[in-house]
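Residues per chain, in single letters:
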Amino acid sequence: MFRSTLVSGIRPALIVPLLVSGFMANAQAADLQLRLMQTTDLHMHAMNYDYYKNSEVNDFGLARTATLIRDARAESRNSLLFDNGDLLQGNPMGDYMARSRGLSYGDIHPMYKAMNLLGYDAANIGNHEFNYGLDFLIKSLSGANFPYVLSNVFTVDGDDDASNDRSYIQPYVILDRRVMDDDGQWQDIKVGVIGFTPPQIMSWDKGHLEGHVFVRGIVETAEALVPEVREAGADIVVAIAHSGIATSHPDGLKENATAELAQVEGIDAILFGHAHSVFPSEAYEGFPGADLEAGTLHGVPAVMPGFWGSHLGIIDLTLTQEGDEWLVSDSAVENRAIFRREGRESIPVVGSQQDIVDAVAEEHEATIEWVGQAVGSIASPINSFFALVQDDPSIQIVNNAQVWY
């Protein structure tokens, strides 16, 4: 567990004259504990269900992660819940909603039916949110009962004046929260939240984005934005980065820049994703700047909780008041899994939350029916026995579909 005590915590003896007792109590305010929880890369897996196999599974699904969320929330006086994007695309339900059923303003996307029940505090946008186009994205986000941030994507305005560039979605939000300190007294804190998506969206979804938005680098955006968030009153700053970590980067803007982001002054905690991995874990043994026991990157508490709802990421912060400021004096990081491995088997650790299952039941059943529809017919058997020596129909039909798409 990471330890970096900033305040001794010594209490004054209770013989202080009444005239100054109020001042001393304020100067020696008790620490407070703040739990940050994160889901990431859910990829439309609201249910623990594999639509390709048409069967339930044990190792993914927000309906089961919801149990971990509610248990972790019950353990803590003060907690905040965040999502880190790659939410709206990734399985047949995502395609059904975007390509078949569609959304109108006023409709609630099934993922937000579930997430609104769980009381998310804020969320970030991943690269796959752009796969279905900006119109579908905005219609989807309108159903969320919590704010979204996206710090490094801007609207194309047609001029060369960077000073008047506008964020496509608000670059940060400050969450005003009343929390209880260790002495049982209420305190008011302001949590600044910033969020980032990979700059490569301009290549990956060029057809949807070119001429509408542009992207800046994750680190350069953070360096400019964090002082602004602090100036706006944030006591602590939480960065939600849809970006992994890497020791080397190809030419151009960094896709996996979280390790560099951790070195930006003024960030108190990092929730990251995109890499479909777990941090801290043995997978990052020896990574420069990573302390796996403490769960930190360059001294900053950081967590990445897998994918598809496989884990819930948790950062527990101890905040100590020093003058008018709240400083992170201690932290602990963990990932909680919804399953455990026994050989090749995934054994469930928690069950599903029924209200989450019920919330998406209509779209879930509609997706199963949609996936089960026939898409065509053939007049004779198709095989690939002679694919190496002559044109082959089984490969040709796939090639034709790819060219058409």
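Quick caveat: nothing in here was measured; it's all calculated off a predicted structure.

1. What to know about the overall build of the protein
Right, on to step 1. When you go through the protein residue by residue, the secondary structure sums to 12 helices and 21 strands.
Right, on to step 2. For 405 residues, the compact-globule estimate of 2.2 N^0.38 gives 22 Å, and the C-alpha radius of gyration of the protein, at 24 Å, lies within 12% of that figure.
Right, on to step 3. Each principal axis of the C-alpha distribution contributes one length, and for the protein these read about 95 × 55 × 45 Å.
Right, on to step 4. Residue pairs at least 24 apart in sequence account for 73% of intrachain contacts in the protein once pairs closer than 6 positions are excluded.

2. Structural notes on the packing of helix α3 (residues 92–101) against helix α11 (residues 361–371)
Between two packed helices, both the angle of their axes relative to each other and the distance between the axes serve to describe the pair.
Right, on to step 1. Two elements in contact, α3 and α11, have axes separated by 9 Å at closest approach and are oriented at 85°. Put simply, α3 runs roughly perpendicular to α11. On the side of α3, the interface is formed by Pro 92, Met 93, Asp 95, Tyr 96, Met 97, Ser 100 and Arg 101, while α11 contributes Glu 362, Glu 363, His 364, Ala 366, Thr 367, Trp 370 and Val 371.
Right, on to step 2. Looking at side-chain class alone, the contact of α3 with α11 contains 7 nonpolar, 3 polar and 4 charged residues.

3. Overview of the packing of aromatic side chains
Right, on to step 1. The full count for this structure, using the stated rule, is 13 aromatic pairs.
Right, on to step 2. Each ring, one from Tyr 96 and one from Trp 370, has its centre 5.8 Å from the other, and the planes form 55°; the classification is tilted. With Tyr 96 in helix α3 and Trp 370 in helix α11, this pair connects stretches of sequence that are 274 residues apart.
Right, on to step 3. Taking relative accessible area as the criterion, Tyr 96 reaches 11% and is therefore assigned buried.
Right, on to step 4. The exposure class of Trp 370 is partly exposed, given its relative accessible area of 27%.
Right, on to step 5. Each residue in the set Tyr 112, Tyr 120, Phe 146 and Tyr 148 is aromatic and connected to the rest through ring pairs, giving one cluster.

4. Thoughts on α3
Right, on to step 1. Buried within α3 are the following residues: Pro 92, Met 93, Gly 94, Tyr 96 and Met 97.
Right, on to step 2. In this structure, the buried side of α3 is in contact with α4 (110–118), α5 (134–141) and α11.
Right, on to step 3. By the N-cap criterion, in which a side-chain oxygen at the helix start approaches the backbone nitrogen of a residue two or three places on, α3 is capped by Asn 91, the distance to Met 93 being 2.9 Å.

5. Digging into the nonpolar core
Right, on to step 1. Leu 62, Tyr 112 and Tyr 148 are the most contacted members of the largest nonpolar core, which has 54 residues in total.
Right, on to step 2. The set of elements that each furnish at least two residues to this core consists of α2 (62–75), α3, α4, α5, β11 (213–215), β18 (311–322) and α10 (354–359).
Right, on to step 3. The contact partners of Tyr 148, leaving out residues within four places of it in the chain, are Leu 87, Tyr 112, Ala 123, Asn 124, Ile 125, Leu 141, Ile 169 and Gln 170.
Right, on to step 4. Tyr 172, Leu 225, Ala 234 and Leu 297 belong to the second largest nonpolar core, which has 29 residues in total.

6. Observations concerning the pairing of strand β19 (residues 325–337)
Both faces of the sheet carry side chains from a regular strand, because those side chains alternate between them.
Right, on to step 1. As paired elements, β18 and β19 share 12 bridges and run antiparallel to each other. Bridging across to β19, Leu 319 finds its partner in Val 328.
Right, on to step 2. Between β18 and the antiparallel strand that follows it, β19, lie 2 residues; Gly 323 among them carries a positive phi value of about 70°.

7. Here's the deal with the environment of His 311
Right, on to step 1. Mapped onto the secondary structure, His 311 falls in strand β18.
Right, on to step 2. Along the sequence, His 311 and Val 238 sit 73 residues apart, while their C-alpha atoms lie 20 Å from each other.
Right, on to step 3. Once residues within four sequence positions are removed from consideration, His 311 is found in contact with Gln 38, Thr 65, Val 278, Pro 305, Gly 306, Asn 335, Arg 336 and Ala 337.
Right, on to step 4. Reaching out from His 311, the side chain makes a polar contact with the side chain of Ser 310 at a distance of 2.8 Å.

8. Looking at the pattern of salt bridges
Right, on to step 1. Taken as a whole and judged by the stated rule, the model has 16 salt bridges.
Right, on to step 2. The salt bridge partner of Arg 99 is Asp 95, with a shortest N-O separation of 4.0 Å. Placement of both Arg 99 and Asp 95 in helix α3 is noted, with a separation of 4 residues, approximately one turn of the helix.
Right, on to step 3. With a relative accessible area of 26%, Asp 95 lands in the partly exposed category.
Right, on to step 4. With a shortest N-O distance of 2.9 Å, Asp 121 and Arg 177 are connected by a salt bridge. Of this pair, Asp 121 sits in the loop between α4 and β6 (122–124) while Arg 177 sits in strand β9 (residues 172–180), and the two are 56 residues apart along the sequence.
Right, on to step 5. Residue Asp 121 is classed as buried on the basis of its relative accessible area of 12%.
Right, on to step 6. For Arg 177, a relative accessible area of 28% corresponds to the partly exposed category.

Reading the values: rules and limits
- Residues numbered from 1 in each chain as written.
- Predicted model: local features only at pLDDT ≥ 70, side-chain atom pairs only at ≥ 80, totals over all residues.
- Heavy atoms only, no water.
- Helix = DSSP H or I, 4+ residues; strand = E, 2+ residues; numbered from the N terminus.
- Rg over C-alpha atoms; globule rule 2.2 N^0.38 Å.
- Contact = heavy atoms within 4.5 Å.
- Axes fitted to C-alpha atoms, helices over the stretch in contact; angles between N-to-C directions.
- Parallel < 35°, antiparallel > 145°, perpendicular 65-115°, else oblique.
- Nonpolar A, V, L, I, M, F, W, Y, C, P; charged D, E, K, R; others polar.
- Phe/Tyr/Trp six-rings, centres within 6.5 Å; stacked < 30°, edge-to-face > 60°.
- Buried < 20%, exposed > 50% of the residue type's maximum accessible area, 1.4 Å probe, protein only.
- Polar contact = N/O pair within 3.5 Å; in protein donor to acceptor, adjacent residues only side chain to side chain.
- Core = buried A, V, L, I, M, F, W, Y, C linked by side-chain atoms within 4.5 Å.
- Pairing = 2+ DSSP bridges.
- Salt bridge = Lys/Arg side-chain N within 4 Å of Asp/Glu carboxyl O.

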